[in-house]
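Chain by chain, the residues run as shown.
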2 protein chains.
Amino acid sequence: MHPTFEHHDHSHCCGDSLTRAEALMAERGARLTPVRRRVLELLLESHRALGAYDVLERLSAEGFGNQPPVAYRALDFLVEQGLAHRIQRLNAFTACMHAGEAHAPAFLICRACDTVAEAPVAPVRAALDTAAAELGFVVERASIEALGLCPNCQGAA
Amino acid sequence: MHPTFEHHDHSHCCGDSLTRAEALMAERGARLTPVRRRVLELLLESHRALGAYDVLERLSAEGFGNQPPVAYRALDFLVEQGLAHRIQRLNAFTACMHAGEAHAPAFLICRACDTVAEAPVAPVRAALDTAAAELGFVVERASIEALGLCPNCQGAA
DNA sequence: TCTTGACGTGTTATGATATTACATACTAGA
DNA sequence: TCTAGTATGTAATATCATAACACGTCAAGA
Ligand SMILES: [Zn+2]
Ligand SMILES: [Zn+2]
Ligand SMILES: [Zn+2]
Ligand SMILES: [Zn+2]
């Protein structure tokens, strides 16, 4: 488990993720082009979710295109490749902290500091599959998003 | 559990829900005005989720206001009162099949027929709380939405 | 009775999020 | 080098959501 909520060397955290992403893309023959790479960096800057238009603003300021598809395409690519996740609740995107592990995580979103963490989902997913199966429903994809307080913000509240 | 996926007497299903809603609103001193009531009826018509603009179109055709706030206000009211739920994934709303029971359900969304059912969430929620607690995170509200195939559509696929 | 304040509704305008369609440019093989 | 597939840029538009204000109703309470 990545220690999103703990104090950690975040520049290593970003660097490692980027390195890992590059390795994965090479392995798969997918191209981590400049825009895509830059968007991933932007998402990695903080353990928060960024809206597509936030990303676009940054890209645009740096000389990339300034129309929505520029951001959406890069974000969609990262999501497809499992390097980022979309947070439905926030209409926003966050870098994946477990790239390459093929997972559909649960997200823990702190309502105070906006930090987004990925929680291990296996038992939750199992419970969901069971509940669904009782109704005859077969779950293909699930989005599980929790809003609450991260350990660092529980004192303040 | 409401038999959303089973064949059922849907006009009773709607009628019962409406009656129940009226009773609840009376109990709470909240007002189920004509617009609000009509929106609830629209949501009850099918076990599907309706977008705010779908609702608005119907309202408008029936002589209510034709601007977005008309729909959003009624929908927000129903959600606050627990008579409807918002489905994040679909940017849409669905009538609650368990009004008054104070619950935050899991939604099962059939990707073939768009039917939305509510599944019992207690074990799922417990698993989520546990997973979150291991990271020191306190869950306040969770949205759990599953995409898959309902029993009726599993044959076709 | 008159006032007043809370609530509900209608409307205008705008903001926020997302996609379609088409043109241009790059890249990897044949 | 040619070419097909992929990536990027841009304009236009679609879809989802809210802010702000005007007006009407109704029920306290002066
Ligand atoms: Zn970090
Ligand atoms: Zn926090
Ligand atoms: Zn029914
Ligand atoms: Zn179905």
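About the cut-offs
Residues numbered from 1 in each chain as written. Chains lettered and ligands numbered in written order. Predicted model: local features only at pLDDT ≥ 70, side-chain atom pairs only at ≥ 80, totals over all residues. Heavy atoms only, no water. Near = heavy atom within 4 Å. Helix = DSSP H or I, 4+ residues; strand = E, 2+ residues; numbered from the N terminus. Donors = N, O, S within 2.8 Å, 3.2 Å for Na, K, Ca; no water. Tetrahedral: all angles 85-135°; square planar, octahedral: opposite > 155°, others 65-115°. Least-squares fit on C-alpha atoms with pLDDT ≥ 70 in both. Contact = heavy atoms within 4.5 Å. Polar contact = N/O pair within 3.5 Å; in protein donor to acceptor, adjacent residues only side chain to side chain. Nonpolar A, V, L, I, M, F, W, Y, C, P; charged D, E, K, R; others polar. Salt bridge = Lys/Arg side-chain N within 4 Å of Asp/Glu carboxyl O. Pairing = 2+ DSSP bridges. Axes fitted to C-alpha atoms, helices over the stretch in contact; angles between N-to-C directions. Parallel < 35°, antiparallel > 145°, perpendicular 65-115°, else oblique. Left-handed = near helix turned anticlockwise from the far one by under 90°.

*Asks:* Got a minute to help me understand the protein's contact with DNA strand C in this structure?
*Replies:* Not every one of the 18 residues close to DNA strand C is listed here, only the nearest: Y53 and R86 of chain A together with T33, Q67 and R73 of chain B. Here DNA strand C approaches the protein such that, of its atoms within 4 Å, sugar and phosphate make up 47%. Of all the elements in the fold, those that place two or more residues in the surface near DNA strand C are α4 (68-80) of chain A together with α2 (34-45) and α4 (68-80) of chain B.

*Asks:* Can you walk me through unusual backbone geometry in this structure?
*Replies:* With the exception of glycine, most residues fall at negative phi, and the peptide bonds are largely trans. Although it is not a glycine, N91 of chain A adopts a positive phi angle of roughly 45 degrees. Tracing the backbone through its elements, the reader meets N91 of chain A in the loop between β1 (84-87) and β2 (92-95). Within the chain, D114 of chain B stands out as a residue other than glycine whose phi angle is a positive 70 degrees.

*Asks:* Would you take a moment to explain the coordination of the zinc ion (ligand 3) for this structure?
*Replies:* A four-donor tetrahedral metal ideally has 109.5 degree angles, and a six-donor octahedral metal ideally has angles of 90 or 180 degrees. Residues and elements named next belong to chain B. Protein-derived ligands of the zinc ion (ligand 3) are H8 (NE2), H10 (ND1), C13 (SG) and H47 (NE2), with the metal-ligand distances lying across 1.9 to 2.4 Å. Here the zinc ion (ligand 3) is ringed by 4 donor atoms whose angles at the metal span 104 to 117 degrees, and the overall shape comes out tetrahedral. Read from N- to C-terminus, the donor residues coordinating the zinc ion (ligand 3) fall into the pattern H-x1-H-x2-C-x33-H. Residue H8 is found in the segment before α1 (10-28), and its partner H47 is found in the loop between α2 and α3 (52-61); the two are separated by 39 residues along the sequence.

*Asks:* Sorry, what's going on with the relation of the copies chain A and chain B here?
*Replies:* Note on the chain copies: they are related by a rotation about an axis and a translation along it. Superposing chain A onto chain B takes a rotation of 180 degrees plus a shift of 0.1 Å along the axis, which leaves an RMSD of 0.1 Å. Taken together, the rotation angle and the small translation identify this as a two-fold axis. No C-alpha of chain A lies nearer the rotation axis than that of I144 of chain A, which sits 2.3 Å from it. The residues that chain A uses at the interface reappear at the interface of chain B in 100% of cases, marking a shared surface.

*Asks:* What is the right way to read the protein's contact with DNA strand D from this model?
*Replies:* T33 and R73 of chain A together with Y53, Y72 and R86 of chain B are the nearest of the 16 residues found near DNA strand D. Among the atoms of DNA strand D close to the protein, meaning within 4 Å, 50% are from sugar or phosphate groups. The separation between a phosphate oxygen of DNA strand D and a polar side-chain atom of R86 of chain B is 2.3 Å. Secondary structure elements with two or more residues in the surface near DNA strand D: α2 (34-45) and α4 of chain A together with α4 of chain B. Classifying every residue of the surface near DNA strand D gives 7 nonpolar, 5 polar and 4 charged.

*Asks:* Looking at this structure, how should I read the interface of chain A and chain B?
*Replies:* Interfaces are often sized by the accessible area lost when the parts come together. Each side of the interface is counted separately: chain A has 36 residues, and chain B has 36 residues. Run the count over chain A and chain B and you get 2 salt bridges. Put simply, chain A and chain B have 14 residue pairs in polar contact (both at pLDDT 80 or more) between them. Of all the elements in the fold, those that place two or more residues in the side of chain A that touches chain B are β3 (106-110), β4 (116-119), α5 (122-133) and β5 (138-149) of chain A. By residue number, the principal contributor to the side of chain A that touches chain B is β5 of chain A, which donates 12 residues. Across the side of chain A that touches chain B, the residue classes break down as 25 nonpolar, 5 polar and 6 charged. Note that β5 of chain A and strand β5 (residues 138-149) of chain B share 11 bridges and pair antiparallel.

*Asks:* Could you clarify how one ought to interpret the packing of helix α1 (residues 10-28) of chain A against α2 of chain A in this entry?
*Replies:* The angle between the axes and the distance between the axes are what describe a pair of packed helices. All names here are of chain A. Interaxial distance between α1 and α2 falls to 10 Å at its minimum, and their mutual angle equals 150 degrees. Judged by the angle between their axes, α1 and α2 are roughly antiparallel. Regarding α1 and α2, the two cross each other, and that crossing is right-handed. Of α2, the residues touching α1 (which contributes H10, C14, S17, L18, A21 and E22) are R37, L40, E41, L44 and E45. Grouping the amino acids of the contact of α1 with α2 by side-chain chemistry returns 5 nonpolar, 2 polar and 4 charged.

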